[in-house]
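# Working through the structure, step by step
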Amino acid sequence: MTQSVRKFLNHSGYKFLSLDLETIGEWSPHDSEWNYSDALHFPYIHKSFSQKILNICSETNTSLFVQNLFFLKNPVIIYQEHKTKDSHEYLASSYGITISIVTRHLTHKQGAITKTNYQFFYSGFIGLLIAFSAKIATKKNYKKVISEDMPMRAQRGILRKTKNIFFKSDKNIVTPNSTLNPMDNNVFLRSGIILKKRFILDDDFTSKIFEKVFLRVSKEKNKIIILPTICPHEGSPLSDSDCHMRCKWHGRKIIPYISFNIGDSIRNAKFKHLNKTFIIRSDHEKGKTFCELELQK
Amino acid sequence: MKRERLSVSLSSKNNKDYLAVNLPKNLLAEGVVFKSFTLSSQGKFLGKDVDWNFKDFLHPKLVHKQLDQTHIYTTDFTTTQIFFQKILFFRIPFQVIQYDTGPNSLCYCFSFFNFIVCIETSYETRNQNTKVKTKYNIGSLNKLLLNLAFPLLKIVFTKNYRILMSEDMPLRLRKGQLRSWGFTFKTDTKEKISYHDCNKITTKNINFINKKTEDISKKIKYVYKENKICSFYIGRSDNFGLRGELRDNKVFVFPRICNHEGACLDNTDLKGGLISCPWHGKKFKPIFIHDLISGHSFNFIYSKKNYLLKFYMSKGYEKINVSIS
């Protein structure tokens, strides 16, 4: 529908300044699509502005953004539309000009390219001056915003390269309202991965990472806990600092899948991780404690 | 702005749409300072008519002369538009999101320059009389700037409100008039009018009464204008009333009510043989065209009734006799 607004503006005598910007990186176009649709990452990722959702539905997201511009905090209501998988369209009106933004998510060699076209619609000489300064501000702002968004896309690019995982949302359009729940699990483990590992839980044991399946078994005080190494929501990397951590992208609280005292004998305790079932066992043999992690086929 | 979980301030209407609730209060908690003032209007109509008037996003183009409008997106509970308004020498775009905040209340929100404006409208009906309260909340993150600009903004918004109301009020009063005649609307049975109910001019929202309530078979004098154009009205502006236009010895008979939302079609221009509704621009063809050279009386069927019109001539046309059976 933003097409019709541009047509209307052209018909009613508005002129525009155009600005084209692009970002290339080693991730999939799905990742930049998701990044643009995602409505919850703003308070965690973007430090330069804050966001307040006014209305969100399956095709649109209207939010209020507050941004520092010209030494003042500026509120702008931005309308976002996501009707086709490969594009996002935006409309915003402030300071007497209307800004129309069209972003396309395309493949580029092995990675992805995001092409963004800005059109600053203005009328009159003062309008031209405002549009011109908005163009300069946008150029500067784009770099800042992308530098904050880039690590998210890059992380997902790395995850894709392992060929062990996929994202549930890849098949469909990532609708703005589907991104509202940080407790959704969007990262799925591929089938065909075989894992059955047995290891000793002795005094030297601190932690063991299972890279293939993104799991970490670690010791905390007298307990063994099993945690994911990536957030099951959208795949953010999780550090091993402590067991009560929050995801840096959307603030999801990460809770251990299983925890048990060293020495407890565990028989086939099951837990779900990245849409697959894992089995954990712990037993004693010849005075030693063993632990076994298995991915159920 | 404070960082908090967003789900706190969002409410889901149908698992598809999420809306910010209590907007000015919510923003207040995040550091936005508000100053507000309330304007009100009232009249003999129902709250539903006010609700419809606010949600109907097709009428501004025709009804509000100083506004230009382009529509962006509509869901059941929200609509986003860009309004263009002339202020001094500038034509300024306002991107407005309007949404339903519950039965009998609405919220408008837009940002301009350094300000966020949340307009809360609520309406209350007592004895067929509805009072509409409109609260303007002007907010900014800069308290000094807000204090400086508020008196001027209040004048501008109040003036604008008066203009908008003077144009909107006839629409509401007309609906009140139709209700006093016993007409109802299809959207009345709904708990809430959806924005999608207002996006087509082809829908027939008015429920016509098929019983004639008053006898309109009588002699009518018609309006004479410079010996050429004259128009006459039969009955009242409901589904039995008729509007006649005389052009070059031909009589064009038009309806007096729009079947879309019930607008009165009396004072609209005849262009290219058609009249168009003053509210949404729905076009109406004549019900019947008669050439007076072939005879001074003619009959036709309208609203399942047989109309017989007789023209008496002396020094031009003077009298029309209408009988309905």
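Cut-off values and rules
Residues numbered from 1 in each chain as written. Chains lettered and ligands numbered in written order. Predicted model: local features only at pLDDT ≥ 70, side-chain atom pairs only at ≥ 80, totals over all residues. Heavy atoms only, no water. Buried < 20%, exposed > 50% of the residue type's maximum accessible area, 1.4 Å probe, protein only. Helix = DSSP H or I, 4+ residues; strand = E, 2+ residues; numbered from the N terminus. Pairing = 2+ DSSP bridges. Contact = heavy atoms within 4.5 Å. Buried area = accessible area lost by both parts, 1.4 Å probe. Salt bridge = Lys/Arg side-chain N within 4 Å of Asp/Glu carboxyl O. Polar contact = N/O pair within 3.5 Å; in protein donor to acceptor, adjacent residues only side chain to side chain. Nonpolar A, V, L, I, M, F, W, Y, C, P; charged D, E, K, R; others polar. Domains from an automatic or database assignment. pLDDT = per-residue confidence, 0-100. Phe/Tyr/Trp six-rings, centres within 6.5 Å; stacked < 30°, edge-to-face > 60°. Lys NZ or Arg CZ within 6 Å of the ring centre and 35° of its normal. Axes fitted to C-alpha atoms, helices over the stretch in contact; angles between N-to-C directions. Parallel < 35°, antiparallel > 145°, perpendicular 65-115°, else oblique. Left-handed = near helix turned anticlockwise from the far one by under 90°. Patch = residues over 30% accessible without salt bridge, like charges linked within 9 Å, V, L, I, M, F, W, Y side chains within 5 Å. Areas by Shrake-Rupley, 256 points an atom, 1.4 Å probe, with all protein chains shown as cover.

### Some thoughts on the pairing of strand β13 (residues 223–228) of chain A
Residue and element names in this part refer to chain A.
- Burial analysis of β13 places 5 of its 6 residues in the buried class, the great majority of the element.
- Two strands pair when backbone bridges link them, and strand β12 (residues 215–220) and β13 are joined in this way by 6 bridges, in the antiparallel orientation. Each bridged residue has a counterpart across the sheet, and for E220 the counterpart in β13 is K223.
- Connecting the antiparallel pair β12 and β13 is a turn made up of 2 residues, with K221 showing a positive phi of about 55 degrees.
- Here β13 pairs with strand β16 (residues 258–261) via 4 bridges, running antiparallel. Paired with I225 across the bridge in β16 is S259.

### Some words on the interface of chain B and chain A
- Residue-level contacts link 42 residues of chain B with 47 residues of chain A.
- Between chain B and chain A, the buried area comes to about 3,900 Å², and carbon and sulfur atoms account for 62% of it.
- Where chain B packs against chain A, one counts 0 salt bridges.
- Counting every contact that joins chain B to chain A gives 8 residue pairs in polar contact (both at pLDDT 80 or more).
- Where the side of chain B that touches chain A is concerned, the elements lending two or more residues are β2 (18–20), α1 (23–28), β4 (67–74), β5 (78–87), β6 (90–102), β7 (105–112) and β8 (115–126) of chain B.
- The residue inventory of the side of chain B that touches chain A, partitioned by class, reads 22 nonpolar, 13 polar and 7 charged.

### Brief notes about the domain arrangement of chain A
Residue and element names in this part refer to chain A.
- When cut into domains, chain A gives domain 1 (2–164) and domain 2 (187–295).
- A separation of 39 Å is found between the C-alpha centroids of domain 1 and domain 2.
- With 14 residues of domain 1 at the contact, the number on the domain 2 side is 15 residues.
- Across the domain 1/domain 2 interface, buried area totals approximately 1,100 Å², and carbon plus sulfur atoms make up 60% of it.

### Comments concerning the environment of L69 of chain A
Residue and element names in this part refer to chain A.
- By secondary structure assignment, the location of L69 is in strand β3 (residues 60–69).
- In this structure the C-alpha to C-alpha distance between L69 and G263, which are 194 residues apart in sequence, comes to 60 Å.
- When residues no more than four places from it in sequence are discounted, the contact partners of L69 are N74 and A137.

### Let's talk about the pattern of salt bridges
- The tally for this structure, following the rule as stated, stands at 24 salt bridges over all chains.
- E292 of chain A is paired through a salt bridge with R281 of chain A; the nearest N and O atoms lie 2.4 Å apart. Linking E292 of chain A in strand β19 (residues 288–295) with R281 of chain A in strand β18 (residues 276–285), this pair joins segments that are 11 residues apart in sequence.
- A salt bridge links R126 of chain B to E124 of chain B, with the nearest nitrogen and oxygen atoms 3.2 Å apart.
- Judged by its relative accessible area of 61%, R126 of chain B falls in the exposed class.
- A single network of salt bridges, built from pairs that share partners, joins R198, R281, D283, E285, E292 and E294 of chain A.

### Quick word on the confidence of the model for chain A
- Per-chain confidence: chain A averages 88 in pLDDT, with 98% of residues scoring 70 or above.
- Confidence, read as mean pLDDT per element, is least for strand β14 (residues 245–246) of chain A in chain A (81) and greatest for strand β7 (residues 111–122) of chain A (94).

### Observations regarding the packing of aromatic side chains
- Summed over the entire model, instances satisfying the criterion amount to 35 aromatic pairs over all chains.
- For the ring pair W52 of chain B and W279 of chain B, a centre distance of 5.5 Å and an interplane angle of 45 degrees mean the geometry is tilted. Taken as a pair, W52 of chain B in helix α2 (residues 47–55) and W279 of chain B in the loop between β17 (274–276) and β18 (283–284) lie far apart in primary sequence, 227 residues in all. For the pair W52 of chain B and W279 of chain B, a shared accessibility class is recorded, and that class is buried.
- Pairwise contacts between aromatic rings join Y95 of chain A together with F37, F94, F110, F112, F113, F115, Y136, F150, F157 and Y161 of chain B into one cluster.
- Positioned over the ring face of W34 of chain A is R156 of chain A, at 3.9 Å from the centre of the ring.
- When the ring centre of W52 of chain B is taken as origin, the NZ or CZ atom of K175 of chain B, which lies over that ring, is 3.7 Å away.

### Side note on the packing of α2 of chain B against helix α4 (residues 143–180) of chain B
Residues and elements named next belong to chain B.
- Where α2 meets α4, the closest approach of the two axes is 10 Å, and the angle between their N-to-C directions is 140 degrees. With respect to each other, α2 and α4 are oriented oblique. When the axes of α2 and α4 are compared, the crossing they make is right-handed. Residues K48, D49, V50, W52, N53 and F54 of α2 form the contact with α4, whose own contacting residues are D168, L171, R172, K175, G176 and R179.
- Split into classes, the residues belonging to the contact of α2 with α4 amount to 4 nonpolar, 2 polar and 6 charged.

### Some words on the environment of H290 of chain B
- When you line up the elements, H290 of chain B lands in strand β19 (residues 288–291).
- Beyond its immediate sequence surroundings of up to four residues, H290 of chain B is in contact with N249, K250, V251, G295, S297 and F298 of chain B.

### Examining a nonpolar patch on the surface
- A cluster of nonpolar side chains, namely F125, I126 and L129 of chain A together with L88, F89 and F90 of chain B, defines an oily patch on the protein surface of about 740 Å² accessible area.
- Per-element accounting of the nonpolar patch gives the leading share, 3 residues, to helix α4 (residues 124–161) of chain A.
- Within the secondary structure layout, L88 of chain B lies in the loop between β5 and β6.

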